[in-house]
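For reference, the chains in residue letters:
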Amino acid sequence: MEEERKKLEKLYQELNEEDTATKKWNQALIPKSILLFPPIAFSLTFLKINTDKSILDLLGFLAIGGLLVSGGVFLNYLLSKGK
């Protein structure tokens, strides 16, 4: 009887404990949505305005922009490394 009671208490404690990973993920929904909104809005408006463009054109445009930004960050790193 005592053994069953301990098992039930252990099960009760496990059920009452909140899953911290899920809790942390759910708490960060607002910052995640704030970060995801601009790229989604940009891609939707890009495809709505440029009806003759495809997803590949959008991805190419974003890739070239990403390469330019990365190149600028890399050059900034090289120039500030010597100081």
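Residues numbered from 1 in each chain as written. Predicted model: local features only at pLDDT ≥ 70, side-chain atom pairs only at ≥ 80, totals over all residues. Heavy atoms only, no water.

Participant: Give me the lowdown on the overall build of the protein chain, citing residues and values where you can.
Facilitator: If you tally the helices and strands in the protein chain, you get four helices and zero strands. Secondary structure of the protein chain in N-to-C order comes out as α-α-α-α. When the 83 residues of the protein chain are sorted by exposure, 4% land in the buried category. Total accessible area on the protein chain stands at roughly 7900 Å², and carbon and sulfur atoms take up 68% of it. (Helix = DSSP H or I, 4+ residues; strand = E, 2+ residues; numbered from the N terminus. Buried < 20%, exposed > 50% of the residue type's maximum accessible area, 1.4 Å probe, protein only. Areas by Shrake-Rupley, 256 points an atom, 1.4 Å probe, with all protein chains shown as cover.)

Participant: Which residues make up the packing of helix α3 (residues 29-49) against helix α4 (residues 55-81), and what values go with them?
Facilitator: The geometry of α3 relative to α4 is characterised by a closest axis approach of 10 Å and an angle of 130° between their N-to-C directions. It follows that α3 is oblique to α4 by the angle criterion. The hand of the α3/α4 crossing is right-handed. Together, F42, S43, F46 and L47 of α3 and I55, L58, F61 and L62 of α4 make up the contact between the two elements. The class makeup of the residues in the contact of α3 with α4 is seven nonpolar, one polar and no charged. (Axes fitted to C-alpha atoms, helices over the stretch in contact; angles between N-to-C directions. Parallel < 35°, antiparallel > 145°, perpendicular 65-115°, else oblique. Left-handed = near helix turned anticlockwise from the far one by under 90°. Contact = heavy atoms within 4.5 Å. Nonpolar A, V, L, I, M, F, W, Y, C, P; charged D, E, K, R; others polar.)

Participant: Pulling in residues and values, what's your account of the packing of aromatic side chains?
Facilitator: Here the structure, examined in full by the defined rule, presents three aromatic pairs. For the ring pair F42 and F46, a centre distance of 6.0 Å and an interplane angle of 35° mean the geometry is tilted. Within this pair, F42 and its partner F46 are both found in helix α3, separated by four residues, close to a single helical turn. Classification of F42 by relative accessible area gives partly exposed; the value is 34%. Assessed through its relative accessible area of 12%, F46 is described here as buried. Between F42 and F61, the aromatic rings sit 6.0 Å apart at their centres with planes inclined by 20°, giving stacked as the arrangement. One end of the pair, F42, is in helix α3; the other, F61, is in helix α4, and 19 residues separate them in sequence. (Phe/Tyr/Trp six-rings, centres within 6.5 Å; stacked < 30°, edge-to-face > 60°.)

Any link to function would need more than the numbers given here.
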